[in-house]
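# Descriptive analysis of the structure
As a plain string of letters, each chain reads:
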Amino acid sequence: MNGPANRPVNRKERWQYRLQEWRKKLLRRHEHGWKGVSVLIYPHHAGSPYRIRINYYALLFPVSLIAIVIGLAGFYEVKRVTIDRDRYEKLQTSEILLSNHHIVLSQKTELLHRLEEQRDRLYRLSWNQKPDPDLNEHLQLRQVEEKILNTGSRFDLDLERYRQYRQHADLLLLGAGQAALKSLWHRVHIYWITPKGWPVYPGTASISSGYGSRMDPFLKTVPGDFHGGVDFAAAPNTPIIATAPGTVVRSVDKDRPGFGLHVVIHHGLGYQTLYAHCNKVLVKAGDRVQKGQVIALIGRTGRATGNHLHYEVRFGLERPVDPVPYISFK
Ligand SMILES: [Zn+2]
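Rules used in this analysis
Residues numbered from 1 in each chain as written. Predicted model: local features only at pLDDT ≥ 70, side-chain atom pairs only at ≥ 80, totals over all residues. Heavy atoms only, no water. UniProt positions renumbered as here; feature names shortened; annotations may be inferred. Helix = DSSP H or I, 4+ residues; strand = E, 2+ residues; numbered from the N terminus. Patch = residues over 30% accessible without salt bridge, like charges linked within 9 Å, V, L, I, M, F, W, Y side chains within 5 Å. Areas by Shrake-Rupley, 256 points an atom, 1.4 Å probe, with all protein chains shown as cover. Salt bridge = Lys/Arg side-chain N within 4 Å of Asp/Glu carboxyl O. Donors = N, O, S within 2.8 Å, 3.2 Å for Na, K, Ca; no water. Buried < 20%, exposed > 50% of the residue type's maximum accessible area, 1.4 Å probe, protein only.

### Details of the UniProt feature "transmembrane region" (unreviewed entry) in the chain
Summarizing the sequence annotation, UniProt attributes the feature "transmembrane region" (unreviewed entry) to residues 56-78 in the numbering used throughout. Between the first and last C-alpha atoms of residues 56-78 the distance is 33 Å; the span itself is 100% helix and 0% strand.

### Points about a nonpolar patch on the surface
Taken together, the side chains of V39, I41, Y50 and I52 define a hydrophobic patch exposed on the protein surface, amounting to about 360 Å² of accessible area. Of all elements in the fold, only β1 (37-41) and β2 (50-54) reach the threshold of two or more residues within the nonpolar patch. Tracing the sequence through the fold places I41 in strand β1.

### Description of the coordination of the zinc ion
The coordination sphere of the zinc ion, as far as protein atoms go, consists of H227 (NE2), D231 (OD) and H310 (ND1), spread over 1.9 to 2.2 Å. We classify H227 as buried; its relative accessible area is 5%. D231 sits in the buried class, given a relative accessible area of 5%.

### Section: the pattern of salt bridges
Throughout the structure, instances matching the rule amount to seven salt bridges. A salt bridge links E77 to R80, with the nearest nitrogen and oxygen atoms 3.0 Å apart. In this pair, E77 and R80 both sit in helix α2 (residues 56-125), three residues apart, roughly one turn of the helix. Given the relative accessible area of 38%, E77 is considered partly exposed. Here D253 ties to K254 by a salt bridge, and the two come within 3.9 Å at their closest N and O atoms.

Rendered as structure tokens:
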């Protein structure tokens, strides 16, 4: 077969020779494939046996089908496992994120409650007993919870809660800011209208009688009335000045028993000051006066033993309060 005459000499002949060999091999295989196997079946009762011929090509089909099915099953199983692992890793990451999220949320909640307390304290300070009802309606945490219940997953729930908390915090801050401003304004206002200092220019008078129980200045031996003010002894016609801005609510320019000629000024929020036993009054009811403005002159009208100013600080309808803290208030 491999005689020297048949041997390929160049490249082209070599390839042709190889092709020929492959074709021969294939043909042999083909013949072999159609050969197949035979199965003999002998029935027990009698008769001749059956012979079933199965060639290799016919066998090839079910075998390859089974191989394909097994291969596909394996592929999908590997895929499923990979996907599950990815999903598990993602879940783990989510869990860590969620736990962090919960820590942040609980911190926020605590902060909110502290803010609420602070705001309420500020509201109390600014005399507004309870916060703005419209604002407060927004701040009902229960409402926030109800809204959350309508949403889906736990993560969504947390996100929703977070959003609500942020809104809640913004509203709270707004409320607290308003309350703080109100409180500050009230403080400034109170400071502004509180009677402060002496009702005369410095060095023009001296305190001759204090506040409280004392002997009657006329009868000397029996306990007198409660003295509701502080007396400032001075020369006649020494100027009397208002101790805070306000409106004159009473000005008596005719001598009468008791206070004689006197002036009462209302400063706001129930604060009033009284200036009594004047020789002359320089303001009339309804006049607005400034702190330090001269409103009357010292005299001895009414129930007075000498030239002096009887000065009282009143708060609301109660009896006069001790004016000493106000006099010494800078
Ligand atoms: Zn007096």
